[in-house]
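Chain by chain, the residues:
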Amino acid sequence: MSRETHVTVLGLGPMGQAMVRTFLAHGIHTTVWNRTASRAEPLVAEGAHRAESVEEALSISETVILSLTDYQAMYDILDGTGLAGRVIVNLSSDTPQSSREAADWLAERGARLLVGGVMVPAPLVGTDAAYVFYSGPRDLFETCEPILRLLGKPDYRGADPALAQLFYQAQLDVFLTSLSAYLHATALLASAGVSAEAFRPYAADNFDTLSSYLAEAAQAIDQGRYPGDKASVAMMGATADHILGASRDAGIDLALPGAVKDHYDRARAAGRGKEGWASLFEVIKRSA
Ligand code: NDP
C-alpha cells in the first residue's frame, strides 16, 4: 500500500487518538500500537488495525507517526527494533536539541526523521483551525505531506530537525507567559475587590491590540536599531518599576513583574535608556 493510504500511529493518548480518528475519517488504513494495549480498543472498534507488537506496527506502514509524552518514550519503544528504511514522523513535544539527537539516532539505524509540533489541542486536530510545524529533510516532508495535511495545515520550517520544536516552544512561550501576565493582572485588581469579569473586557482589548506592535518591533530587532522616539526603555522601565511596587503593595506574587523589571534594569544599565522598548531583546537574547 502507498504512503497516502496507510499509516501507523504509535502512542494513543488524547492526541494520538485524535490523529487516528482523523485518518480513519479520511479512509486511511491506520495501524495502531500503544504501550497500554487497552487504549487501542475503541479505535479498533472504529476501524483501526491493532498491531500485536511494535515490530508488526513498523512492518505494516513505511510512515510511522509517534504521538508520545516525550522523545525518551521513542527510544523506549523503538530501541532494538528493525528501523531500516522507516520514516518516523515524531509529533511528540520535547526540546529542539532532543529532535537533533533523535535524527542522528535514527540515521544510525537507517531510518529518517521528520519532526512535528502540533499547535492545537487534541479536539481540534483535523479541523481548519489546526496547523503543525514540521522540520527535517524537505523531500521527506514533501513525500509525507499529503497524509500529514489531514491532521492540520502543514507548515514546513526547514531542514534543521530542531526548527519545528523551536517554533512550537516559541509559540507556547508567548502563550504561557501571556496567560500568566493576565492572571497576575487579575490578581492585582482582585486585591482591591475587582472581579475577573469586570477586568475581562479591558484585558481582551489589551490582547487584541498587542499584535499591532510586532511589525515595528520585528523590524527593529532584525536591523539591530531601536529608535526610542515612541516608547523608550526609560519610560517603559519606570512603568515596570511601578507594576512591581503595586504588586508588592497588593501582597501578590512578585516573580513575573520582577523578571520584567530585571529586563529593563539591565537595559538601562547597558545604556539603552533612550532606545525603544524592543532593545530589551539585546538583553534577553543572552543568559543573564
Ligand atoms: P499523553 O501523555 O496522554 O500520551 C502519551 C502517549 O505516550 C501514551 O500513548 C503513552 O502510553 C505513551 N508513552 C509515554 N511514555 C511512554 C514510554 N516510556 N513508553 C511507551 N509509551 C509511552 O499525551 P497526549 O496524547 O496528550 O500528547 C502526545 C504528545 O502530543 C505530547 O508530546 C504532547 O505534548 C503533544 N501535544 C498534545 C496536545 C493535546 O491536546 N493533548 C496538544 C499539542 C501537543 P500509555 O498509554 O501506555 O501511557
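Residues numbered from 1 in each chain as written. Predicted model: local features only at pLDDT ≥ 70, side-chain atom pairs only at ≥ 80, totals over all residues. Heavy atoms only, no water.

- Going by what an unreviewed UniProt entry lists, the protein chain is known as NAD(P)-binding domain-containing protein and is assigned to Amycolatopsis cynarae.
- Per UniProt, the protein chain carries the Sequence similarities (unreviewed entry) text "Belongs to the HIBADH-related family." (UniProt positions renumbered as here; feature names shortened; annotations may be inferred.)

What to know about the side chain of S135
Part 1: Secondary-structure assignment places S135 in strand β7 (residues 131–135).
Part 2: Separated by 3.5 Å, the side chain of S135 and the backbone nitrogen of L163 make a polar contact.
Part 3: Here A164 takes part through its backbone nitrogen, which lies 2.9 Å from a polar atom of the side chain of S135.
Part 4: The residues touching S135, leaving out its near neighbours within four places in the chain, are L114, V115, Y156, G158, D160, P161, A162, L163 and A164. (Helix = DSSP H or I, 4+ residues; strand = E, 2+ residues; numbered from the N terminus. Polar contact = N/O pair within 3.5 Å; in protein donor to acceptor, adjacent residues only side chain to side chain. Contact = heavy atoms within 4.5 Å.)

A closer look at the pairing of strand β2 (residues 29–33)
Part 1: Most of β2 sits inside the fold, with four of its five residues counted as buried.
Part 2: As defined by bridge partners, strand β1 (residues 6–10) adjoins β2 across five bridges and the pair is classed as parallel. Directly across from L10, in β2, lies its bridge partner W33.
Part 3: Following the chain from β1 across helix α1 (residues 14–25) to the adjacent parallel β2, one finds a crossover that is right-handed.
Part 4: Looking at chain direction, β2 and strand β3 (residues 49–50) are connected through two bridges and run parallel. When the bridges of β3 are listed, T31 appears paired with H49. (Buried < 20%, exposed > 50% of the residue type's maximum accessible area, 1.4 Å probe, protein only. Pairing = 2+ DSSP bridges. Right-handed = clockwise from strand over helix to strand, strands pointing away.)

Re the pattern of salt bridges
Part 1: Under the definition given, this model contains 16 salt bridges.
Part 2: Linking R138 and E142 is a salt bridge whose minimum nitrogen-to-oxygen distance equals 3.6 Å. Taken together, the residues span about one helical turn, with R138 and E142 both in helix α6 (residues 138–148) at a distance of four residues.
Part 3: A relative accessible area of 48% means that R138 is categorised as partly exposed.
Part 4: Classification of E142 as partly exposed rests on a relative accessible area of 47%.
Part 5: We note a salt bridge from K285 to E282, for which the minimum N-O separation is 2.9 Å.
Part 6: For K285, a relative accessible area of 44% corresponds to the partly exposed category.
Part 7: Under the relative-accessibility criterion, E282 is labelled buried at 15%. (Salt bridge = Lys/Arg side-chain N within 4 Å of Asp/Glu carboxyl O.)

Focus: the UniProt feature "domain: 6-phosphogluconate dehydrogenase NADP-binding" (unreviewed entry) in the protein chain
Part 1: According to UniProt, the feature "domain: 6-phosphogluconate dehydrogenase NADP-binding" (unreviewed entry) maps to residues 7–153 in the numbering used here.
Part 2: Its end C-alpha atoms 18 Å apart, residues 7–153 is made of 38% helix and 22% strand.

Regarding the nonpolar core
One recurring pattern in soluble globular proteins is that nonpolar side chains are buried together.
Part 1: Ranked by size, the top nonpolar core spans 34 residues in total, and within it M19, F23, I65, V89, L91, Y134 and L148 carry the most contacts.
Part 2: Every element with two or more residues in this core is listed here: β1, α1, β5 (87–90), β6 (112–118), β7 and α6.
Part 3: Ranked by the residues each element gives to this core, the list is headed by α1, at six residues. (Core = buried A, V, L, I, M, F, W, Y, C linked by side-chain atoms within 4.5 Å.)

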